[in-house]
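For reference, the chains in residue letters:
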Amino acid sequence: MPTVSHSPGSRLLLVALALLSTLAPFATDMYLPSFPVMAHELGVPVTVIQLTLTTFFLGVAAGQLVLGPLSDRTGRKPPLVVGSVLCLVASAVAAMAPNAEVLLAARLVQGFTGAAGIVIARAIVADIYRGVAAAKMFSLLAMVGGIAPVVAPLIGGVLAVPVGWRGILWALTAVTGLMLLAVIFVVPETHGRAARAHPEPAVSASGRRRPALFLLLRRPGYLANALTMTFAFVVLMGYIASSPFVFQTIMGFGVLGSGVLFAINSAGIFLGSTINMRLVEKQGQHRMMGVGLVGLVAGVLLLTLQQVLDLPVLLIEVPLLFFTIGVGFLFGNSVALALGYAADARGAGSALIGASQFLAGAIVAPLVGLAGPGSVVPLTILAAVGTLVCLGCFRVSVRMGPAEH
């Protein structure tokens, strides 16, 4: 079983994979402060500019479903290089877009091609590491994922005045170019010829050839852990989507105060992931997932009590912090366990996990505002549903145990 290497080469590879995993938060959060200016300069309503987020998310979801399984057949490197090159081109087109239509199209292509780095980075980690070592590495990626949404809007806010929204998109293009260099010079091919020559999941028990994506869904161990990851993300996305009006409208903080609270909660993901990395080898993946689920349950109960007992609104911050710490324990372990059941199709397994995340995000985001900006009831319901599904899937995961290779 591979262990976590601390050689300079392995550290550089992990940095490269973490960089590939940050495309989504940088591509979605860096230009958020410039939405009003973009709408004015392109002569469209702000709602049209908001659609550039939707098209990007749809592109990322679809791209993972295509490029992840493709990497199982061709190897990791070819689709990663081609996707990164096309993502660089799409990023440049978005920065030069003469109108909203071109911008929307460029963002769709940017998401689809940029998905290569997101989905294949997870597959590469699963190629190299197993079991607890894999859980540590996925926790590391989750830590980066928790920091990037805090850093990206800050960078965008700093750049908005001196360089404008096009300058921000050019900065994103530069980040994409850095990702391409990392893909070419740092990331190795980890999916050997032997594995590509025998795509086992393409053949069912009856001998009929079926797509790996469908056969993975029939593996309880994979499905339980993948759904744990997805619905933990539902809880997290519910918090993220509702955070602006929770912090500002309900709790009464300004933009700066909201940013501070968001940073504190993002540090919760970092904290949970860090503790998990340190203890998972001794305590085991399922025990650490149990700790994360305790955090989610506690968050739901506290959020419910705050509303039922009409407690001070500032106390809402406590369950939100429980949510972020909890998912820090869940993300790395659930992904590692799920991909353990997809050893013969890690690209496809990574694709299903990633696509379900982005689709869940697209569905959850509008739901949290159904009761208006002055209510956390939708968030409470979403968090409760997500936590209950996680608990049910966790029971199946424990019963199935880790996959044996």
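Residues numbered from 1 in each chain as written. Predicted model: local features only at pLDDT ≥ 70, side-chain atom pairs only at ≥ 80, totals over all residues. Heavy atoms only, no water.

(A) Examining the pattern of salt bridges more closely. Summed over all chains, the structure comprises five salt bridges. Residue Arg-76 pairs with Asp-72 through a salt bridge whose shortest N-O separation is 2.9 Å. For the residue pair Arg-76 and Asp-72, the accessibility class agrees, reading buried in each case. As a salt-bridge pair, Arg-219 and Asp-344 come within 3.1 Å of each other at their nearest N and O atoms. Here Arg-219, found in the loop between helix 9 (212-216) and helix 10 (220-250), pairs with Asp-344, found in the loop between helix 13 (317-340) and helix 14 (346-367); they are 125 residues apart in sequence, far enough to count as distant. Residues joined in a network through salt bridges with shared partners are Asp-72, Arg-76, Asp-127 and Arg-346. (Salt bridge = Lys/Arg side-chain N within 4 Å of Asp/Glu carboxyl O. Buried < 20%, exposed > 50% of the residue type's maximum accessible area, 1.4 Å probe, protein only. Helix = DSSP H or I, 4+ residues; strand = E, 2+ residues; numbered from the N terminus.)

(B) Empty space enclosed by the protein, seen in detail. This structure, assessed with the given rule, holds one cavity of 30 Å³ or more. Looking at the largest cavity, its volume works out to about 70 Å³. As for the largest cavity, its lining consists of Leu-20, Leu-23, Ser-84, Cys-87, Thr-113, Gly-114, Gly-117, Thr-176, Met-179 and Leu-180. If you list the elements that add at least two residues to the lining of the largest cavity, you get helix 5 (77-96), helix 6 (100-128) and helix 7 (131-185). For the lining of the largest cavity, the per-class residue count stands at five nonpolar, five polar and no charged. (1 Å grid on protein atoms, 1.4 Å probe; cavity = no way out; pocket = protein on both sides within 12 Å on 5 of 7 lines; lining within 4 Å. Points joined across faces, edges and corners; volume = space filled by probe spheres on them. Nonpolar A, V, L, I, M, F, W, Y, C, P; charged D, E, K, R; others polar.)

(C) Quick look at the state of the cysteines. Applying the stated criterion across every chain yields a total of zero disulfides. There is no disulfide at Cys-390, and the cysteine sulfur nearest it, in Cys-393, is 6.8 Å away. (Disulfide = S-S within 2.5 Å.)

(D) Focus on the environment of Val-89. Here Val-89 shows up in helix 5. A relative accessible area of 48% places Val-89 in the partly exposed class. With 20 residues separating them along the chain, Val-89 and Val-109 place their C-alpha atoms 9.3 Å apart.

(E) Representation of helix 4 (residues 46-74) within the structure. In this model, helix 4 (29 residues) spans 41 Å end to end at C-alpha, consistent with the 42 Å of a helix rising 1.5 Å per residue. Residue Gln-64 marks the point of greatest curvature in helix 4, where the axis turns by about 30°. After helix 4 finishes, the residue Gly-75 shows a positive phi value of roughly 100°. (Expected span 1.5 Å × (residues − 1). Bend = angle between axes of the 7 residues up to and from the residue.)

(F) Looking closely at the packing of aromatic side chains. One pass over the structure, following the stated rule, counts three aromatic pairs. Between Tyr-239 and Phe-247, the ring centres sit 6.4 Å apart and the planes meet at 70°, which makes this aromatic pair edge-to-face. Each member of the pair, Tyr-239 as well as Phe-247, is classed as buried. (Phe/Tyr/Trp six-rings, centres within 6.5 Å; stacked < 30°, edge-to-face > 60°.)

(G) Seen up close, the side chain of Lys-77. Inspection of the secondary structure puts Lys-77 in helix 5. We note that Lys-77 is buried and unpaired, the nearest opposite charge coming from Glu-189 at a distance of 7.6 Å. A polar contact is formed between the side chain of Lys-77 and the backbone oxygen of Ile-184, at a distance of 3.4 Å. With residues near it in sequence (within four places) discarded, Lys-77 still touches Val-183, Ile-184, Val-187, Pro-188 and Glu-189. (Lys, Arg positive; Asp, Glu negative; His and termini not counted. Polar contact = N/O pair within 3.5 Å; in protein donor to acceptor, adjacent residues only side chain to side chain. Contact = heavy atoms within 4.5 Å.)

(H) Spatial organisation of the confidence of the model for the protein. On average, residues of the protein carry a pLDDT of 86, and 91% of them reach 70 or more. Contacts for the low-pLDDT stretch residues 1-8, under 50 throughout, to residues beyond four places or in other chains number 14 contacts. In this model, residues 197-207 is a region of pLDDT below 50 whose contacts with residues beyond four sequence positions or in other chains number 18 contacts. (pLDDT = per-residue confidence, 0-100.)

(I) How the structure looks around helix 10. At Ser-242, helix 10 shows its largest kink, close to 55°, and the proline Pro-244 lies no more than four residues downstream. Of all 31 residues in helix 10, 22 are buried; the element is thus mostly enclosed. Where helix 10 terminates, the next one or two residues include Gly-252, which has phi positive at roughly 85°.

(J) Representation of a nonpolar patch on the surface in the model. A surface patch of nonpolar side chains, about 660 Å² in accessible area, is lined by Leu-302, Leu-305, Val-308, Leu-309, Leu-311, Leu-315, Val-318 and Phe-322. Residue assignment for the nonpolar patch shows that the elements contributing at least two residues are helix 12 (285-308) and helix 13. Top contributing element to the nonpolar patch by residue count: helix 12, with three residues. Of note, Leu-315 is situated in the loop between helix 12 and helix 13. We classify Leu-315 as partly exposed; its relative accessible area is 40%. (Patch = residues over 30% accessible without salt bridge, like charges linked within 9 Å, V, L, I, M, F, W, Y side chains within 5 Å. Areas by Shrake-Rupley, 256 points an atom, 1.4 Å probe, with all protein chains shown as cover.)

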